[in-house]
Structure formats: structure tokens, C-alpha cells
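Structural characterization, general
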Amino acid sequence: MASLTITSTRGDTRTVEGAAGLSVMEIIRKAGFDDLQALCGGSCACATCHVHVHPDDFARVGPPNEDEDDLLDSSNERTPTSRLSCQIPFGPALDGLRVTVAKEG
Amino acid sequence: MPQLTQTPVYEADLFSPAALREPFGHYRAMRDLGPVVRLRDPDVYALSRFDDVRDALQAPDALSNAGGVGFSDEFNQPGGPNLIQSDGDRHRRMRSEVIRPLLPAQLKQHRPFLKSLIAERIKSLVGRGPFDAIAEVARFLPTAAISALVGLPEEGRASMLDWAAATFNAVGPRREGSERDFEVLAGWRTYLANLQWESIREGSWARTLQGTIAAGRLSEAEARGAISAYVLPSLDTTILAKGHLLHGLARHPGQWRMLRDDPSLLPGAVIESVRHSSVIRWFSRLARTDYQVEDEVIPAGSRLMLIYASANRDERRFEDPDRFDITRDARAQLAWGSGPHLCGGMHLAKMEMEVMLEALVEHCEVLEAGEPELLTNRGLYGFASLPFELR
Ligand code: HEM
Ligand code: FES
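Only a predicted model underlies this, so the values are computations on that prediction, with no experimental measurement involved.

Examining the overall build of chain A
The number of helices and strands found in chain A is three helices and five strands. Listing the helices and strands of chain A from first to last along the sequence gives β-β-α-β-α-α-β-β. What you see for chain A is a C-alpha radius of gyration of 12 Å, in line with the 13 Å of a compact globule of 105 residues. Judged by the C-alpha coordinates and their principal axes, chain A covers about 35 × 25 × 25 Å. Per-residue burial over chain A gives 52% buried out of 105 residues. A separation threshold of at least 6 residues defines the contact pool for chain A, and within that pool the share at least 24 residues apart is 63%. Looking at chain A as shown, the accessible area adds up to about 4,800 Å², and 47% of this sits on carbon and sulfur atoms. In chain A, 9 positive and 16 negative side-chain charges are present, and the distance between their average locations comes to 6 Å.

Rendered as C-alpha cells:
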């Protein structure tokens, strides 16, 4: 098991165990963070699963793919470490990953 | 063991003209009857509560779109691939091509033009006395601009609204008058089969699909079928949604004033309006495997109706759900569906509604609505006409 630290839009932080094979989005949803909407359920079609990856962790996560990049571009909240969490497969290599749920916009 | 025989039956006919005009009392009664209810005609299971509809939309492995999303064989077996009635790999491939021009980053380039078009139209209507807001305002951008972006040649472009109305009517079960819808639909299928790629406007959304064939991403049949995704759901849906938004604001002058004072409420007003009066009433899924909802099991092979418009009025999820309230957080609503088939045109619909509202806020002080005439379309909820005045 690997762990993931999630900060909500309201600023509360929790560390949870994430099963490999799930996406970061699925882990955040399962942990009960409702402010991450994930309207399309992980189909890279809605951009409502936007997170900011902690800058020190970004190299391990890597940059967005092309479709994801398009979607992120439309957000006013985009930062250099923005990702759509449904497009990040979780696993041992990401143990200790820190993400903050992005505000909508 | 789950007791299938105990699934309550909702006896009233949801597809009668009266129920199509005034559906919300039926939805409430269904939600109260139980998580799963059965209908008589069509003979299907139905989900009407928010959590159950959302979970079902996110369970594509159990609940198939490729088995059809309507309630008749004619609708569910179209004879060629299309986006909404596909699953799995084919759906993923078709969808990623179709949504490319519909993503926010791509749409942004059209926003100033759409805004200026609708602003001119609104200005020309202010102080003009009564008019029909569906014909004069709601239908304006879709027919003047969106159909041009889709790219069909003129005779096809002129038929889009007829094809769309017939398609959504045909989503429902076979009833009196269905023959006529299936004829129009057959006309669309023939038109599409004979359509020459070269006759579609260069650079348009539909024409761009041609390139996916040579690139080996879609087959000829898939690329052609994908054209439907731009033609059939792109106009009527947003037209009716704008009708609801205009009506909602005109009937709640306090909220209209709030919006004029604080335009940051604008995106929320759009979302609340699609929650409150969801344009697409329902679609269905075919259960591939047994599918469990609470302690009931819907057996493999059953057809399951998902009522978006009821989910969005579920008192278990939204406080005082019948109230139109632009200040509530309605983001989690299901008017655009959820899961892999989440509406591909959601961003376009939002943008069209937002630029219309911006233009209204900038150019009008008073909105006044008369009594709308309700449609009896079996898939879409909305107004045929809406008497209106702008001052
Ligand atoms: C307010 C307006 C609209 C509403 C309420 C709406 C609603 C919906 C819903 C509920 C679905 C999901 C179907 C399902 O679950 O099986 C859907 C799918 C779809 N919509 Fe919309 N829609 C709207 C506007 C548009 C527009 C403007 C387009 C423009 C092209 C569009 C294109 C599509 C497409 C292509 C699909 C199929 C997506 C797929 O199967 O992957 N829609 N829509
Ligand atoms: S959940 Fe929709 S893009 Fe990630």
C-alpha cells in the first residue's frame, strides 16, 4: 500500500492509503472529498477532477497528456503543477504524493 | 434473497401528453415508491433517485449504451455505429474525436463572436413589446451559428431541427404518431449514408472527422456515424435549456435583480436552471449483468430507465428541490449525465447560455414572461413557445 495526502478546497488535509490500480481521482472520491466533483467519472471529459500536485512531487507524476492539457487550459485556476486526477494512475511509485483539490473556475 | 416480485409498479403512464407536460409530480411519486420501480408500458425498470441514477451512469460495465438508450427496437438498433449507443473501446475512440472541438480551450475562440451575435439580437428586442422567446432568443444562436460550425451543406443544415425533434421523440416507446418520427429518422439515416464528405464545409466539426479515417483512428462507418453526435443533440437541447433559464429568471425578479447586481452569480444561475428543469428527461441502459440497487437486483437483460430530470429534483439530495434558486450549489446535478457518456456538448451548452445571460444583464433591466406552451416530446422537456418582453 502507498499513501496519498489530500488537501481539500477548504484546507483540511488527510492522508489515506491508496490501492494501486485506482486513479488518484478515485482515491480522493473514495476518501469522501466531495469538493472534487469528477462529473465524467474519469473519462477525461469534464475537468472537474483538477488538482494541484505539490511542486516537489511533480517530477514523479509527470506532465498532462494532450487531451488533458486542453481541458486544463480552460481553467483559471491552472498552475504549472496542475493535473486532472483521473489521469494519474496511482501506485507504489507515487507513495507519499501530496495533492490539493483545485477550486472551480 | 432479493424479492423481485416486490418491485413496486408505477401505474401511471409517464409518456401520456399530460405527464409529459407536467412530469414532476410523477417523479416525486416514483421516488417515494422505492429506489427501483417498474413501469407497465414500456415494460422497464426505472431509477428516479439522485444517488441511484448517478451510480448507474457510472457503471458502464454492467449497464450498456450499445444495447440502446431508448425504449423501442427501431431506436435502439440504428444499423450503424453512433457515439451515444456504443460502449468500451469503440466509444472511447469515437468520443475522443467528437469532443475535441467541444472542449473549453477550443470553444473559447468562438465566444466573442457568439456573444456579439446574441447581444445584437437582445438589443433589437428590448422595448419591442411581446415576442416569443423560444423563436427569437433561444433558437437564435443554434440556427445562426452552431449549425454552421457543425458544417452540413445547406439542405442538411435546414433539416437539423426536424431530425433532432424526431430523434428525441423516438427515444420514447412506440405510440400513436411514432411512425412519422421513424420516417423522419429514416430520412436522416439515408441522408447521412449518402452524404459526401467533400460537401461538408471545410474545417467544420463534421468535416474534421474525415481525417480520422486516413489516420486509422476511426473506420469510415464510425466517422460517418460520429457526425450524428454533432447534428442530433446540438440544437434543441440548448434551445429548450435557454427557454427554462429565461422563464426562471423572469418569474423570479428578485433573483434576476441579484444577478444584475452581481454577475459572478451567472455560471451558477446556468447550472441551477439545468438542474431545476432538465431538458433531457431520461435515457435507458441495457443490463448486461445482474445489477443491484439497494436490496433489489435488476436481472441481466432488463432495460433500465434513468430519469435525470427526477434525480435533479430529489429531496434526498437537494433541499427544497422544486425551488429555483441561483445561489444554491447545484454543480453536482445530472442534467448532462455522468460517467463515460457525460454530455459531449456540456461546455458548448454552458457557453451559449452564459453569453445569452451576459447580454441580458448588460442590455435589459426587466424580463417578463407569460404562460409557456409545453412540448410533449417524449425525450425532451421544454417549451414550444414562451411569450416574453424585455425592457
Ligand atoms: C443543455 C443542453 C444539453 C443537455 C441537457 C444535454 C444532455 C445530455 C445527456 C444527459 C447526455 C448523456 C447521455 C447518456 O447518459 O447516455 C448527453 C450526451 C451527449 N450530448 Fe448533450 N446535452 C446538451 C447539449 C448538447 C450539445 C450542445 C451538444 C453538442 C454537440 C451535445 C452533444 C452530446 C453528445 C455527443 C452526447 C453523447 C456523449 C457520449 O455518448 O459519449 N449535447 N447530453
Ligand atoms: S473526472 Fe472528468 S476529467 Fe477527470
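Topic: the sheet that holds strand 5 (residues 97-101) of chain A
Residue and element names in this part refer to chain A. Strand order in the open sheet formed by five strands is 2-1-5-3-4, and the pairing between neighbours is mixed. Strand pairing shows two members of the sheet lacking a second neighbour, strand 2 (13-18) and strand 4 (82-84), which therefore form its edges. On average, each strand axis in the sheet is tilted by 35° relative to the strand beside it, whichever way the strands run. Pairing of strand 1 (residues 2-7) with strand 2 involves six bridges; the strand directions are antiparallel. Bridge pairing in strand 2 places Ile6 opposite Arg14. Across the sheet, helix 3 (residues 66-73) is in contact with strand 3 (50-53) and strand 4; its angle to strand 4 comes to roughly 115°.

Section: the interface of chain B and chain A
Taken together, the contact pairs 18 residues of chain B with 15 residues of chain A. Ranking the residues of chain B by area buried against chain A places Leu103, Arg331 and Leu342 of chain B at the top, with a combined share of 33%. One can count zero salt bridges joining chain B with chain A. For the side of chain B that touches chain A, the secondary structure elements donating two or more residues are helix 5 (88-98), helix 6 (104-107) and helix 19 (346-363) of chain B. Per element, the largest residue contribution to the side of chain B that touches chain A is three residues, and it comes from helix 6 of chain B. Among the residues forming the side of chain B that touches chain A, the class breakdown is eight nonpolar, six polar and four charged.

Considerations on the sheet that holds strand 1 (residues 9-10) of chain B
All names here are of chain B. Strand order across the open sheet formed by six strands is 1-2-3-9-6-4, with mixed pairing between neighbours. Both edges of this open sheet fall to strand 1 and strand 4 (63-64), since each of them pairs with a single strand only. In the sheet, strand 2 (residues 36-39) pairs with strand 3 (residues 45-47) via three bridges, with the strands oriented antiparallel. Pairing of Arg38 across the sheet is with Tyr45, part of strand 3.

Considering the pairing of strand 1 of chain A
Residue and element names in this part refer to chain A. Here strand 1 lies mainly inside the structure; six of its six residues are buried. Every second residue of strand 1 is oriented toward a common face, with Ala2, Leu4 and Ile6 on one face and Ser3, Thr5 and Thr7 on the other, all of them buried. Turn length for the strand 1-strand 2 hairpin, with the two strands adjacent in sequence and antiparallel, is five residues, and the turn residue Gly11 shows positive phi of about 100°. Where strand 1 meets strand 5, four bridges bridge the pair, whose relative direction is parallel.

Regarding the packing of helix 9 (residues 140-150) of chain B against helix 19 of chain B
All names here are of chain B. Viewed as axis vectors pointing N to C, helix 9 and helix 19 meet at an angle of 125°, and their least axial separation amounts to 12 Å. On the basis of their axis angle, the class for helix 9 and helix 19 is oblique. Handedness of the helix 9/helix 19 crossing: right-handed. Between helix 9 and helix 19, the residues in contact are Leu141, Pro142 and Ile146 and Leu348, Glu352 and Val355, respectively. Its residues placed into classes, the contact of helix 9 with helix 19 shows five nonpolar, no polar and one charged.

A short note on the site of ligand 1
All names here are of chain B. As a structural note, the neighbourhood of ligand 1 is formed by 27 residues, with His91, Arg95, Tyr308, His341 and Cys343 the closest of them. Within the side chain of His91, an N or O atom sits 2.7 Å from an oxygen atom of ligand 1. Arg95 is positioned such that a nitrogen or oxygen atom in its side chain is 2.8 Å from an oxygen atom of ligand 1. Elements represented by at least two residues in the shell around ligand 1 include exactly helix 5, helix 15 (236-251), strand 6 (283-287) and helix 19.

Some details on the confidence of the model for chain B
Mean pLDDT over chain B works out to 95, with 99% of the residues at or above the 70 mark. Across the whole predicted complex the pTM is 0.93, and at the interface the ipTM reaches 0.75.

Considering the environment of His276 of chain B
Residue and element names in this part refer to chain B. For His276, the position within the fold is in helix 17 (residues 266-276). Excluding its chain neighbours within four sequence positions, the residues that come into contact with His276 are Phe24, Arg313, Pro321, Asp322, Arg323 and Phe324. A distance of 2.8 Å separates a polar atom in the side chain of His276 from the backbone oxygen of Asp322.

With respect to the packing of aromatic side chains
All names here are of chain B. Overall, the coordinates contain eleven aromatic pairs over all chains when judged by the stated rule. With a centroid separation of 5.9 Å and an interplanar angle of 65°, the aromatic rings of Phe15 and Phe71 are classed as edge-to-face. A residue pair is termed long-range when its members are at least 10 positions apart, and Phe15 in the loop between strand 1 and helix 1 (17-21) and Phe71 in the loop between strand 4 and helix 4 (73-76) qualify at 56 residues. On the basis of an interplanar angle of 85° and a centroid distance of 6.1 Å, the ring pair of Phe283 and Tyr308 is categorised as edge-to-face. Of the two residues, Phe283 sits in strand 6 while Tyr308 sits in helix 18 (residues 308-311), which places them 25 residues apart along the sequence. The exposure class assigned to Phe283 is buried, which follows from its relative accessible area of 9%. Of the aromatic side chains, those joined through ring pairs into one cluster are Phe15, Phe71 and Trp282. Positioned over the ring face of Tyr45 is Arg38, at 4.3 Å from the centre of the ring. Positioned over the ring face of Phe24 is Arg313, at 3.7 Å from the centre of the ring.

The rules behind the values
Residues numbered from 1 in each chain as written. Chains lettered and ligands numbered in written order. Predicted model: local features only at pLDDT ≥ 70, side-chain atom pairs only at ≥ 80, totals over all residues. Heavy atoms only, no water. Helix = DSSP H or I, 4+ residues; strand = E, 2+ residues; numbered from the N terminus. Rg over C-alpha atoms; globule rule 2.2 N^0.38 Å. Buried < 20%, exposed > 50% of the residue type's maximum accessible area, 1.4 Å probe, protein only. Contact = heavy atoms within 4.5 Å. Areas by Shrake-Rupley, 256 points an atom, 1.4 Å probe, with all protein chains shown as cover. Lys, Arg positive; Asp, Glu negative; His and termini not counted. Charge placed at Lys NZ, Arg CZ, Asp CG, Glu CD. Pairing = 2+ DSSP bridges. Axes fitted to C-alpha atoms, helices over the stretch in contact; angles between N-to-C directions. Buried area = accessible area lost by both parts, 1.4 Å probe. Salt bridge = Lys/Arg side-chain N within 4 Å of Asp/Glu carboxyl O. Nonpolar A, V, L, I, M, F, W, Y, C, P; charged D, E, K, R; others polar. Parallel < 35°, antiparallel > 145°, perpendicular 65-115°, else oblique. Left-handed = near helix turned anticlockwise from the far one by under 90°. Near = heavy atom within 4 Å. Polar contact = N/O pair within 3.5 Å; in protein donor to acceptor, adjacent residues only side chain to side chain. pLDDT = per-residue confidence, 0-100. Phe/Tyr/Trp six-rings, centres within 6.5 Å; stacked < 30°, edge-to-face > 60°. Lys NZ or Arg CZ within 6 Å of the ring centre and 35° of its normal.

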